[in-house]
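Chain by chain, the residues run as shown.
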Amino acid sequence: MIAGLVLFALLCFVLMKYVFPRMEATFEARTDAIEGGLERAARAQEEAAALLAEYRAQLAGARRDAAAIREEARAEAHARRAEILAETERERDAIIAAGRDAMAADRRAVLAELRPGLGAIAVELAGRIVGESLAEEARERGTVERFLGELDDPAPAAT
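To start, this report covers the structure provided alongside it. (Residues numbered from 1 in each chain as written. Predicted model: local features only at pLDDT ≥ 70, side-chain atom pairs only at ≥ 80, totals over all residues. Heavy atoms only, no water.)

Things to note about the overall build of the chain
- Within the chain one finds two helices and zero strands.
- Classification of the 159 residues of the chain by burial places 6% in the buried group.
- For the chain, the accessible surface area stands at approximately 13800 Å², while carbon and sulfur atoms represent 63% of it. (Helix = DSSP H or I, 4+ residues; strand = E, 2+ residues; numbered from the N terminus. Buried < 20%, exposed > 50% of the residue type's maximum accessible area, 1.4 Å probe, protein only. Areas by Shrake-Rupley, 256 points an atom, 1.4 Å probe, with all protein chains shown as cover.)

Put into structure tokens, the structure is as follows:
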């Protein structure tokens, strides 16, 4: 029994001196590793949350910028449209005015071209209608000139 007790004491001494300290060191290392891993995971999660918040803030800023750019583009397109419409109206008015001027010039040219023969034709037709010759030069000039004057000066009813 004494030998068993000595061996037990020796075994306890060896275990306490060499094995238990190593086991304790291994347990502490494992505890530190687990706690360190948890701390690193918590830090990584905090960093990820901070990056996510930063990303969301940048995304919101980008959306605001995009909305501002779209609004600016709309305003610019609206202004450009108004400018094009105004320019088109000016061109239309210029074309209409040029057309009116061309029509007036054509009218004057046609009247100038027809004027010499128109008086003679009118007098001849009037003579046929009346049944007598209106070829007297004084009457012819007065009647023809008055008729041509009426052609040159359109009546207010034609407006």
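Anyway, onward from the coordinates.
Looking at the pattern of salt bridges
- Applying the stated rule across the entire model yields three salt bridges.
- E71 is the partner of R74 in a salt bridge, and the nearest nitrogen-oxygen pair spans 3.4 Å. In this pair, R74 and E71 are both assigned in helix α1 (residues 2-130), three residues apart and thus about one turn of the helix distant.
- The class of R74 is exposed, set by a relative accessible area of 52%.
- Residue classification places E71 among the partly exposed residues on the basis of a relative accessible area of 47%.
- When the shortest N-O distance is used, the salt bridge between D93 and R92 registers 3.1 Å.
- The class for R92 is partly exposed, based on a relative accessible area of 45%. (Salt bridge = Lys/Arg side-chain N within 4 Å of Asp/Glu carboxyl O.)

Regarding a negative patch on the surface
- Together, E24, E28, D32, E35 and E39 line one region of the surface with negative charge.
- The residue E28 is located in helix α1 in this model.
- Taking the relative accessible area as the measure of exposure, E28 reaches 44% and is therefore partly exposed. (Patch = residues over 30% accessible without salt bridge, like charges linked within 9 Å, V, L, I, M, F, W, Y side chains within 5 Å. Lys, Arg positive; Asp, Glu negative; His and termini not counted. Charge placed at Lys NZ, Arg CZ, Asp CG, Glu CD.)

Considering a nonpolar patch on the surface
- A cluster of nonpolar residues, L7, L10, F13, V14, M16, Y18, V19, F20, M23 and F27, forms a patch on the protein surface that exposes about 1000 Å² of accessible area.
- You can see V14 is positioned in helix α1.
- Under the relative-accessibility criterion, V14 is labelled partly exposed at 34%.

Just distances and angles here, no functional claims.
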